[in-house]
Amino acid sequence: MKKLTLLAALALSGVALQAQAEDEAALIKQGEYLSRLGDCMACHSVAGKAAYAGGLAIESNLGTIYSTNITPDKAHGIGNYSEQQFSDAVRKGVLPDGSRLYPAMPYPDYAKISDADMHALWVYFMKGVKPSSEQPQETKLSFPFSQRWGMRFWNWAFTSDKPFQPIGGASAEVNRGAYIVESLGHCGSCHTPRGLGMNEKSLDSSDKTFLAGGSLNNWDVPSLRGMPHWSEQEVIDYLQTGRNDKAAVGGEMKSVIEHSSSHMTEADLKAIAAYLKFLGGNPPLQAYNVQAQQQTEAKLTAAKNLSEGERLYLDNCGACHFVTGKGAPGIFPELDQATIVNAGDPTGLIHTILVGAQQPSTAKAPSTLAMPGFGQRLSDEEVAQLATFVRQGWSNRAPAVTKDQVADVRKTLH
């Protein structure tokens, strides 16, 4: 009888251990997906080195900040962190020794991550990520920014520990999108304008400045409010593949597509699109000017009495973007009404002309279409003339570009 009781106890114990292992495996899988929502890979990984081993150089107005090793290595990573210490680092920017992170780590947005999602992330990083002994370069900013203790006062002034607040009256889908965008997605860290303290002016949709556009390393970052020129499906296509019938990804957004949004579920992408369209409050750049568009198209087609900018466009750009400026849907982006073309600061457009661009390879769009750079064949004056034509052709009415602006961008190229 005792033998049977012992066998039964062992069997029950085995069942319990199996259930525990299955629960842990599910949490690891969930945490891995949440890490994609949070785009942790993009900042904490460098090509050719272990995932999450850190070392990425992040340029900021304060200087260069290097991402840290967040693998469970006990010497160089976060292997000795308790779950609470992990949560404090992610949601408050406070390390176990009390030192403060710089908000290049978007903890002001991550503060809204739910307790359940934080637990799944903790389990994934401790048990689903391979430890690495990689020692990233240490961040050393100049005085006074080197005094991390000052971040205590910055946090007091500019962050909030208020959890995510669902939008009253909005659908479950819109609120799912709001949660992703406002917390893990940390979209506001780039797309919300910054205040005098280099803080995000707002952290959620209760303020009209949220996602109203900003600037990143002198690139104009477009507003995401309402996205009047794009349908919900075009938003989904862009996040899933880095391209849609109107635009193609460029700049910092490329890594977001590659490491984060292209890995999201269809349901979450739909929720994000629904939320962005729900926000509204962002009118189009300007109405399409059919007459102006036709005039530019006709002149380029005739190819007579061309300005220098128009000639350069036909020689270098017309084969892909065509005389219409419309490009090819899903392949070559539109130039007429494009945000990068009409940005107040032309840095993004100039940079793209000089060094080109390449779309990421994703599951839904594995081909890596590339635009060549023209920096080696065009002078600063020629790039300025070309950029000016693009910014003032068709329906576009952006200010002209000078050769000095081109020279300034060229100096930043590596």
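Residues numbered from 1 in each chain as written. Predicted model: local features only at pLDDT ≥ 70, side-chain atom pairs only at ≥ 80, totals over all residues. Heavy atoms only, no water.

A. How the structure looks around the overall build of the protein. Of regular secondary structure, the protein possesses 18 helices and six strands. Structurally, the protein occupies a C-alpha span of about 100 × 50 × 45 Å along its principal axes. Residue burial in the protein is summarised as follows: out of 414 residues, 45% are buried. Within the protein, contacts between residues at least 6 apart in sequence are counted, and of these 62% link residues at least 24 apart. For the protein, the exposed area adds up to about 21000 Å²; of that, 57% sits on carbon and sulfur atoms. Across the protein, 37 positive and 42 negative side-chain charges occur, with their mean positions spaced 2 Å apart. (Helix = DSSP H or I, 4+ residues; strand = E, 2+ residues; numbered from the N terminus. Buried < 20%, exposed > 50% of the residue type's maximum accessible area, 1.4 Å probe, protein only. Contact = heavy atoms within 4.5 Å. Areas by Shrake-Rupley, 256 points an atom, 1.4 Å probe, with all protein chains shown as cover. Lys, Arg positive; Asp, Glu negative; His and termini not counted. Charge placed at Lys NZ, Arg CZ, Asp CG, Glu CD.)

B. Spatial organisation of the pattern of salt bridges. Within the structure shown, the criterion is met by twelve salt bridges. A salt bridge links Arg 311 to Glu 308, with the nearest nitrogen and oxygen atoms 2.8 Å apart. Of this pair, Arg 311 and Glu 308 both sit in helix H13 (residues 308–316), separated by three residues, roughly a single helical turn. A relative accessible area of 33% places Glu 308 in the partly exposed class. The salt bridge partner of Arg 410 is Asp 380, with a shortest N-O separation of 2.7 Å. (Salt bridge = Lys/Arg side-chain N within 4 Å of Asp/Glu carboxyl O.)

C. Structural context of helix H3 (residues 83–92). Looking only at H3, the buried set comprises Phe 86, Ser 87, Asp 88, Ala 89, Val 90 and Arg 91. Buried positions along H3 lie against helix H4 (107–110) and helix H5 (115–127). Following H3 by one or two positions, Gly 93 adopts a phi angle in the positive range, close to 70 degrees.

D. Broad picture of the pairing of strand E2 (residues 63–66). When strand E1 (residues 57–60) meets E2, the two strands line up antiparallel, connected through four bridges. Looking at the pairing, Ser 60 lines up with Gly 63 of E2. As consecutive antiparallel partners, E1 and E2 are separated by two residues. (Pairing = 2+ DSSP bridges.)

E. The arrangement of unusual backbone geometry in detail. A positive phi is found at Met 198, a non-glycine position, where the angle reads about 60 degrees. In this structure, Phe 322 is a non-glycine residue whose phi angle is positive, near 65 degrees. Following the sequence through the fold, Phe 322 ends up in the loop between helix H14 (318–321) and helix H15 (339–342).

F. Up close: the packing of helix H17 (residues 380–392) against helix H18 (residues 403–411). Contact pair H17 / H18: the axes reach a minimum separation of 8 Å and the direction vectors enclose 115 degrees. Viewed along their axes, H17 and H18 adopt a mutual orientation that is roughly perpendicular. Seen along the crossing, H17 lies across H18 with a hand that is right-handed. Packed against H17, whose contacting residues are Asp 380, Glu 381, Val 383 and Ala 384, the element H18 presents Lys 403, Val 406, Ala 407 and Arg 410 at the interface. Broken down by class, the residue content of the contact of H17 with H18 amounts to four nonpolar, no polar and four charged. (Axes fitted to C-alpha atoms, helices over the stretch in contact; angles between N-to-C directions. Parallel < 35°, antiparallel > 145°, perpendicular 65-115°, else oblique. Left-handed = near helix turned anticlockwise from the far one by under 90°. Nonpolar A, V, L, I, M, F, W, Y, C, P; charged D, E, K, R; others polar.)

G. Here's a closer look at the UniProt feature "domain: Cytochrome c" (unreviewed entry) in the protein. Per the UniProt annotation, the sites labelled "domain: Cytochrome c" (unreviewed entry) are residues 26–129, 172–280 and 304–394. This span, residues 26–129, is 42% helix and 8% strand, and a straight line between its end C-alpha atoms measures 14 Å. The span residues 172–280 is 42% helix and 6% strand, and its two end C-alpha atoms sit 18 Å from each other. (UniProt positions renumbered as here; feature names shortened; annotations may be inferred.)

H. Examining the packing of aromatic side chains more closely. Per the stated rule, a full pass over the model turns up twelve aromatic pairs. Taking 6.3 Å as the distance between ring centres and 80 degrees as the angle between the ring planes, the aromatic pair formed by Tyr 52 and Tyr 124 counts as edge-to-face. Residue Tyr 52 is located in the loop between helix H2 (40–44) and E1, and its partner Tyr 124 is located in helix H5; the two are separated by 72 residues in the primary sequence. Residue Tyr 52 is classed as buried on the basis of its relative accessible area, which comes to 2%. Here Tyr 52 and Phe 125 contribute two aromatic rings whose centre-to-centre distance is 5.1 Å and whose plane-to-plane angle is 75 degrees, an arrangement assigned as edge-to-face. Here the residue Tyr 52 occupies a position in the loop between H2 and E1, and Phe 125 occupies one in helix H5, the gap between them amounting to 73 residues. Here Tyr 52 and Phe 125 have matching classes, each one buried. By the ring-pair criterion, three or more aromatic residues cluster together here, those being Tyr 52, Phe 86, Trp 122, Tyr 124 and Phe 125. (Phe/Tyr/Trp six-rings, centres within 6.5 Å; stacked < 30°, edge-to-face > 60°.)

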